[in-house]
Amino acid sequence: MFEGFEEHIIRVGDVDIACVVGGTGPAVLMLHGAPQTHAMWHKIAPNLARSFTVVAADLRGYGDSSKPTSGADHAEYSFRAMALDQVRLMSALDHERFAVVAHDRGARVAHRLLLDHPERVFGASILDVLPTEYNYSHVTRELATAYWHWFAFIQPAPLPEDLITPAPVKFLHHVLNSFGSSSSVFAPEAMAEYERCFSDPQMIHAMCEDYRAAASIDLEHDHESRDQRVECPLQIIWGSAGVVGQLFDPLAVWREYASDVRGSSVDAGHFLAEQQPDQTFKLLNDFLSSLTP
């Protein structure tokens, strides 16, 4: 799926992060969401690699990256810990300054990265999410119905894991067929990769820990940095048929958290990078090409 890219597993701190690297030019870090892996960028990364050095990585707990043991406070799966992994990864690859393109959970990692390591990033594109703190403080019946998994996955282990593990592929397909998208948009080779990785009980547990952290320690971090704004150029892209586009004004929300916000919708649901790759690529490429590294 990533012809011409090199595959790496790089030790950063106490975890191994899997990634693919390709292209030349300013560095762009691409982060995936749940329940996917870096494979979600396979329709976009090769095109971006014509002008940029693209690093598409698996978050800790996902894909072929390490799945460390988590403590009672879930700090090992906080967005802060995941962001630090990716900063260390880019340092290991000799990229001290880079842009970030991120979707879903990866976009939440990117938001924390922009707050904790602003000197490292010259621009970021956030795909189809609102800030975690905003979502939790604006829960409505409609949002809770659409984001039911946010509240299911945060239940104490091993209840969510025990419900998912007996039929992981069936669960995976249900999620990928939700939020205004259809599982038919996923390429067979990408779907096979998602199925391979999500069939690992350790990844299922890590994903639940990710959500548990978001509802606890991540909110503490968000509260501590609530007065801090993202200062680099920030592009917001969302699917017009997805939850974010249907229930909120994404640009207005993000302008409460960032100083330089621009963006637009794509005629798609949540999984826009695979549902509308050409349109998504054009928006990303135009934005990234306008930045000064």
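Quick note: structure is the one above.
Here the structure is a predicted model, which means the values were calculated and not measured. (Residues numbered from 1 in each chain as written. Predicted model: local features only at pLDDT ≥ 70, side-chain atom pairs only at ≥ 80, totals over all residues. Heavy atoms only, no water.)

1. What to know about unusual backbone geometry
We apply this condition: Secondary structure follows DSSP: runs of H or I at least 4 residues long count as helices, runs of E at least 2 residues long count as strands, and numbering of each begins at the N terminus.
Each neighbour pair has its own omega, and for Ala34 with Pro35 the value is 0°, a cis peptide bond. With respect to the secondary-structure elements, Pro35 resides in the loop between strand S3 (27–31) and helix H1 (45–48). Here His74, not a glycine, exhibits a phi torsion of approximately 65°, which is positive. With respect to the secondary-structure elements, His74 resides in the loop between strand S4 (53–57) and helix H2 (79–92). For Asp104, which is not glycine, the phi torsion reads 55° and is therefore positive. Mapped onto the elements, Asp104 comes out in the loop between strand S5 (98–103) and helix H3 (105–116).

2. Describing the packing of helix H8 (residues 168–176) against helix H9 (residues 188–198)
Short version of the rule: Note on geometry: axes are C-alpha line fits, over the in-contact stretch for helices, and angles between N-to-C directions span 0 to 180 degrees. In what follows, roughly perpendicular refers to angles from 65 to 115 degrees, roughly parallel to angles under 35, roughly antiparallel to angles over 145, and oblique to any angle outside these ranges. Put simply, a crossing is left-handed when the front helix is turned counterclockwise from the back one by less than a right angle, and right-handed when it is turned clockwise. Residue contacts are counted whenever heavy atoms from the two residues lie within 4.5 Å of one another. Nonpolar residues are Ala, Val, Leu, Ile, Met, Phe, Trp, Tyr, Cys and Pro. Charged residues are Asp, Glu, Lys and Arg, and all others, Gly as well, are polar.
It is at 9 Å that the axes of H8 and H9 come closest, and there the two elements cross at 130°. As the angle between them shows, H8 and H9 are arranged oblique. In this structure, H8 meets H9 at a crossing whose hand is right-handed. On the side of H8, the interface is formed by Pro168, Val169, Phe171, Leu172, His173 and Leu176, while H9 contributes Met191, Tyr194, Glu195 and Phe198. Considering only residue class, the contact of H8 with H9 consists of eight nonpolar, one polar and one charged.

3. Notes on the pattern of salt bridges
Rule in force here: Each reported salt bridge corresponds to a side-chain nitrogen of Lys or Arg within 4 Å of a carboxyl oxygen of Asp or Glu. To sort residues, take the accessible area from a 1.4 Å probe on protein chains only and compare it with the maximum for the residue type: under 20% means buried, over 50% means exposed, and anything in between is partly exposed.
Counted according to the given criterion, the structure contains 16 salt bridges. The salt bridge involving Arg60 is made with Asp85; its shortest N-O contact spans 2.6 Å. Within this pair, whereas Arg60 is found in the loop between S4 and H2, its partner Asp85 is found in helix H2, the two being separated by 25 residues in sequence. You can call Arg60 buried: its relative accessible area is 7%. We note a salt bridge from Arg226 to Glu133, for which the minimum N-O separation is 3.6 Å. Here Arg226, found in the loop between helix H11 (217–224) and strand S7 (234–239), pairs with Glu133, found in helix H4 (residues 132–137); they are 93 residues apart in sequence, far enough to count as distant. Each of Arg80, Arg112, Asp116 and Asp222 takes part in one network of salt bridges that share partners.

4. Things to note about the nonpolar core
Formally: Nine residue types can take part in a nonpolar core, namely buried Ala, Val, Leu, Ile, Met, Phe, Trp, Tyr and Cys, and a core is a set of them joined through side-chain atoms within 4.5 Å.
If you look at the biggest cluster of nonpolar residues, it comprises 107 residues, and the most contacted ones within it are Met30, Trp41, Leu89, Tyr194, Leu234, Trp254 and Leu288. Top contributing element to this core by residue count: helix H10 (residues 201–214), with seven residues. Among all residues touching Tyr194, those that are not within four sequence positions of it are Gln36, Thr37, Ala39, Met40, Leu172, Leu176, Phe186 and Glu274.

5. Observations concerning the sheet that holds S7
Where we set the bar: Strands qualify as paired when DSSP identifies two bridges or more between them.
Strand order across the open sheet formed by eight strands is S1-S2-S4-S3-S5-S6-S7-S8, with mixed pairing between neighbours. Each of the sheet's edge strands pairs with one partner strand only, and the pair in question is strand S1 (6–12) and strand S8 (261–266). On average, each strand axis in the sheet is inclined to that of its neighbour by 20°, with strand direction left out of account. With six bridges joining them, S7 and S8 adopt parallel strand pairing. Considered in S8, the bridge of Leu234 is made with Val261.

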